[in-house]
Amino acid sequence: MSALIQLKNVKKTYRRGKESITIFDGLNLTIEQGDFVAIMGPSGSGKTTLLNLLGGTDRSDSGEINFDGERIDGYNEGQLAGWRARSVGFIFQFYNLMPVLNAAQNVELPLMLTKLSAGKRRANVETALKIVGLWDRAKHKPKELSGGQQQRVAIARAIVSDPKFLLCDEPTGDLDRNTANDILGTLQQLNQDLGKTIVMVTHDPEAARFAKRTLHLDKGVFAEVTQ
Amino acid sequence: MTDFDLVWKNLFRKPLRTILLTVSIFMAFLIFGILTSLNVALDRASESGSASNRLVVSNKINFTQSMPYAYINRVAAIPGVTAVTYQNWFGAYYQDQRTSRFVGFAVDPETYMAIFRDEARLTDAERQAFLTERNGVIVGKSLADRYGWKVGQTIPISSNIYSQANGRRSWDMKISGIFTGAKPTDPTTAIYFHYDYMNETITFNRDQVGTITVVTASPDQNDQVAKAIDANFANSPAETSTVDEKTFSRAFLKQAGDLNFIVTMVVSAAFAAILMIVSTTLVSAMRERTKEIGVMKTLGFSSPRVLRMVLGEAVLLSSLGAVLGLGTSAFILTGLSKSPVGSNFGDLSMSPVVALTGLALAVSLGLVTGAIPALSALRMSIIEALNRG
């Protein structure tokens with residue numbers, strides 16, 4: 001397997017008023033193609049900051065962030081936006097669907113950033129919704145769907161443009177156990193059948209069991225690795 | 001789905017709010033459409049029938065006050081004056097003075113026709129008939145159409161100012177001709193009849209004239225001639241005020257006040273109020289959507305694209321209200337121009353310039369009201385947006 005993501009000596013500090021808070025002071029991480037990594041750790045350990053850096057929604061102060069052999073830490077805002085659209089699928093804890101759009105339109109959103117024809121877009125949306133088992137709800141607005149169904153639509157939105165990399169921020173944090181297991185099963189399937197590389201931040205050890213390995217982050221340092 | 005679809009769906013996210021905002025903008029553009037078109041029509045009406053080498057002499061106190069008939073020859077004798085004619089406001093109406101009032105002047109047919117030949121176009125036969133028929137009257141085409149008048153017909157024209165010695169308030173007048181304007185848009189809602197016919201029969205204000213129209217040798221001499229005329233009658237019981245014809249017409253048509261100023265103030269006040277309402281509402285609407293903007297940026301929508309969408313929404317909202325407002329005002333103006341009062345202004349329909357100015361104003365209103373939420377969306381970092389929502 002080759003490395004899809006590599007963080008080398010990444011440093012990140014936040015300023016809160018006059019106080020300076022160091023989150024990472026030389027963090028290193030390698031995630032292979034096709035990996036499914038769960039990241040766990042207590043609040044304030046740096047999980048969300050790591051997720052933001054991996055997804056290109058935040059910038060490191062120094063160090064290298066490589067994606068598929070390309071350094072992305074030097075990209076400007078526009079380049080990062082384009083890279084995110086091409087390469088990363090995002091799944092949030094609270095789904096973050098657009099309430100004014102139906103399921104199919106929500107899934108189509110990332111395709112608005114591509115040059116695909118209307119017909120090809122429709123086909124991709126159908127495929128993505130069928131993968132998550134919600135094609136029959138394509139015309140439903142988010143408020144007409146259950147939490148689990150909304151998260152499935154969010155997964156369909158994340159995979160519709162066929163990115164290599166999925167970033168999940170507590171994807172089951174707002175769901176009951178059974179629904180959570182369904183969603184995690186879907187993620188596992190995407191990893192195993194479609195070869196998607198997944199990084200998932202979670203507080204839930206049960207959820208982490210669906211990943212191939214779990215990294216425990218504590219005070220900005222990987223403390224433990226569970227296979 | 002296109003960016004426009006997304007903008008449209010976001011605009012109608014809360015239909016009641018959007019409808020109320022559209023109605024506010026609609027009202028502003030309704031006011032703009034009607035008042036501006038009225039102002040344009042007044043300008044047009046004051047320009048039609050005005051020539052650059054013509055002056056109007058009126059009583060200095062007010063043009064409703066008259067001047068002695070003898071002034072005519074004294075004005076004609078002033079150097080630089082090539083022709084004069086005179087007219088008296090008659091306060092004309094037909095049958096019912098509440099609903100059928102129109103512009104009516106008693107004039108000296110010969111000198112009047114010599115000066116206003118182009119503005120009141122008649123056939124040679126009609127002109128000849130008007131010059132020779134003592135009780136002859138020429139009527140504008142719009143007016144003739146309104147009342148179904150025909151050449152040769154005798155009609156009773158009443159005055160809300162004068163009455164005859166026998167107590168009658170109406171004069172029987174024979175229609176010598178029906179005149180058209182120099183341009184199709186010129187108002188043709190007036191009548192002109194013989195000064196002598198009126199002067200001989202009225203019970204007061206005899207041998208008085210309302211205004212004297214003066215033709216100068218050239219527009220360059222206007223100032224000099226105007227000063228000479230007014231100087232000639234200085235310190236007399238009826239001092240004069242002489243201005244160019246366009247200025248006089250505009251003043252005459254705008255007896256209610258400075259319409260330009262009133263229109264500007266009313267339209268500005270309406271737009272200022274709408275600006276505050278719409279921008280405050282849009283800022284609050286965008287605040288509700290902070291998280292969604294964060295999500296769109298996370299998915300890869302660039303900040304300038306998000307800015308365009310937010311601005312697009314504001315412009316779409318204002319354009320929607322503007323199109324409805326301008327459309328409705330065009331409809332009202334069409335109806336108004338057919339009414340007795342409106343027809344005095346000539347063509348009241350909304351000109352393309354007013355419509356285009358309105359649309360440009362709508363786009364500007366959208367850009368201004370959308371600027372704050374759009375800039376805030378542009379600047380907002382993804383993390384801040386996702387955490388705040």
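Residues numbered from 1 in each chain as written. Chains lettered and ligands numbered in written order. Predicted model: local features only at pLDDT ≥ 70, side-chain atom pairs only at ≥ 80, totals over all residues. Heavy atoms only, no water.

Engineer: Would you mind showing me how to read the sheet that holds strand E2 (residues 19–32) of chain A here?
Structural biologist: Two orientations exist for strands paired in a sheet by backbone hydrogen bonds: parallel and antiparallel. All names here are of chain A. The strand order across the open sheet formed by four strands is E2-E1-E4-E5, and the pairing between neighbours is antiparallel. Looking at which strands have only one partner, the edges of the open sheet turn out to be E2 and strand E5 (70–71). As paired strands, strand E4 (residues 62–67) and E5 are joined by two bridges and run antiparallel to one another. Across the sheet, residue Asn66 finds its bridge partner in E5, namely Arg71. (Pairing = 2+ DSSP bridges. Helix = DSSP H or I, 4+ residues; strand = E, 2+ residues; numbered from the N terminus.)

Engineer: Any chance you could explain the sheet that holds strand E4 (residues 92–93) of chain B here in plain terms?
Structural biologist: Residue and element names in this part refer to chain B. Across the sheet, ten strands lie side by side as E4-E7-E8-E6-E9-E5-E3-E11-E1-E12; this open sheet has mixed pairing. The open sheet has two edge strands, E4 and strand E12 (240–244), and neither has a second partner. As defined by bridge partners, strand E3 (residues 81–89) adjoins strand E11 (residues 211–216) across six bridges and the pair is classed as antiparallel. Paired with Val81 across the strands is Thr216, a residue of E11. In the packing of helix H5 (residues 124–132) onto the sheet, the strands contacted are strand E5 (103–107), strand E6 (136–140), strand E8 (170–179) and strand E9 (190–194), and the crossing angle to E8 comes to about 155°. Most of the contacts of helix H8 (residues 222–232) go to E12, to which it runs at about 170°, and overall it touches strand E1 (54–59), E3, E11 and E12. (Contact = heavy atoms within 4.5 Å. Axes fitted to C-alpha atoms, helices over the stretch in contact; angles between N-to-C directions.)

Engineer: Looking at this model, I keep getting lost on the pattern of salt bridges. Mind explaining?
Structural biologist: Pairing between side chains becomes possible if they bear opposite charge and their charged atoms approach one another. Taken as a whole and assessed by the stated rule, the structure comprises 26 salt bridges over all chains. A salt bridge links A:Arg209 to A:Glu206; its shortest N-O distance comes to 3.1 Å. The exposed category is assigned to A:Arg209, whose relative accessible area is 62%. With a relative accessible area of 36%, A:Glu206 lands in the partly exposed category. Across the pair B:Glu288 and B:Lys14 runs a salt bridge whose closest N-O atoms are separated by 3.3 Å. Taken as a pair, B:Glu288 in helix H10 (residues 259–288) and B:Lys14 in the loop between helix H1 (3–11) and helix H2 (15–47) lie far apart in primary sequence, 274 residues in all. Residue classification places B:Lys14 among the partly exposed positions, given a relative accessible area of 40%. Among the charged side chains, a salt-bridge network with shared partners connects A:Lys8, A:Glu64, A:Arg71 and A:Asp73. (Salt bridge = Lys/Arg side-chain N within 4 Å of Asp/Glu carboxyl O. Buried < 20%, exposed > 50% of the residue type's maximum accessible area, 1.4 Å probe, protein only.)

Engineer: Can you walk me through unusual backbone geometry in this structure?
Structural biologist: The phi torsion of most residues other than glycine is negative, and most of the peptide bonds are trans. For A:Asn9, which is not glycine, the phi torsion reads 50° and is therefore positive. Structurally, A:Asn9 can be placed in strand E1 (residues 3–16). Of the residues examined, A:Asn9 reaches a relative accessible area of 42% and is grouped as partly exposed. Its identity is not glycine, yet B:Gln95 carries a phi of approximately 70°, on the positive side. Relative to the helices and strands, B:Gln95 resides in the loop between E4 and E5.

Engineer: Can you help me understand the packing of helix H5 (residues 147–159) of chain A against helix H6 (residues 177–194) of chain A in this one?
Structural biologist: If you want to describe how two helices pack, look at the angle between their axes and the distance between the axes. All names here are of chain A. Running from N to C, H5 and H6 cross one another at 15°; their axes reach a closest spacing of 10 Å. Taken together, the axes of H5 and H6 lie roughly parallel to each other. H6 is crossed by H5, and the crossing has right-handed handedness. Of the residues in H6, those in contact with Gly148, Gln151, Arg152, Ile155 and Ile159 of H5 are Thr179, Asp182, Ile183, Thr186, Leu187 and Leu190. The residue inventory of the contact of H5 with H6, partitioned by class, reads five nonpolar, four polar and two charged. (Parallel < 35°, antiparallel > 145°, perpendicular 65-115°, else oblique. Left-handed = near helix turned anticlockwise from the far one by under 90°. Nonpolar A, V, L, I, M, F, W, Y, C, P; charged D, E, K, R; others polar.)

Engineer: Looking at this structure, how should I read a nonpolar patch on the surface?
Structural biologist: All names here are of chain B. A cluster of nonpolar side chains, contributed by Phe261, Ile262, Met265 and Val266, occupies part of the molecular surface with about 350 Å² of accessible area. Mapped onto the secondary structure, Val266 falls in helix H10. Exposure remark for Val266: the relative accessible area of 34% places this residue in the partly exposed category. (Patch = residues over 30% accessible without salt bridge, like charges linked within 9 Å, V, L, I, M, F, W, Y side chains within 5 Å. Areas by Shrake-Rupley, 256 points an atom, 1.4 Å probe, with all protein chains shown as cover.)

Engineer: Just checking my understanding: could you explain the interface of chain B and chain A for this structure?
Structural biologist: Counting residues at the interface gives 22 residues for chain B, matched by 21 residues for chain A. When chain B packs against chain A, the two sides together hide about 2000 Å² of surface, and 70% of this comes from carbon and sulfur. Remark: the boundary between chain B and chain A carries zero salt bridges. The interface formed by chain B and chain A contains five residue pairs in polar contact (both at pLDDT 80 or more). Listing elements by their share of the side of chain B that touches chain A, those giving two or more residues are H1, helix H11 (290–299), helix H12 (303–337) and helix H15 (382–388) of chain B. It is H11(B) that provides the largest number of residues to the side of chain B that touches chain A, a total of seven residues. (Buried area = accessible area lost by both parts, 1.4 Å probe. Polar contact = N/O pair within 3.5 Å; in protein donor to acceptor, adjacent residues only side chain to side chain.)

Engineer: For this particular structure, what's the right way to read the confidence of the model for chain B?
Structural biologist: Where the model shows low pLDDT, its predicted coordinates should not be examined in detail. Scored by pLDDT, chain B has a mean of 87; 93% of the residues are at 70 or more. Among the scores for the predicted complex, ipTM is 0.91 and pTM is 0.71. (pLDDT = per-residue confidence, 0-100.)

Engineer: How should the nonpolar core be read in this particular structure?
Structural biologist: A general feature of soluble globular proteins is that nonpolar side chains tend to end up buried together. Counting 79 residues, the largest nonpolar core has A:Leu7, A:Leu50, A:Leu109, A:Phe165, A:Val199 and B:Phe29 as the members making the most contacts within it. Residue contributions to this core peak at eleven residues, all from H12(B). Among all residues touching A:Phe165, those that are not within four sequence positions of it are A:Leu4, A:Ile5, A:Leu54, A:Phe67, A:Ser87, A:Val88, A:Gly89, A:Thr197 and A:Val199. Membership of the second largest hydrophobic core comes to 41 residues, among which are B:Leu55, B:Val57, B:Tyr94 and B:Ala144. (Core = buried A, V, L, I, M, F, W, Y, C linked by side-chain atoms within 4.5 Å.)

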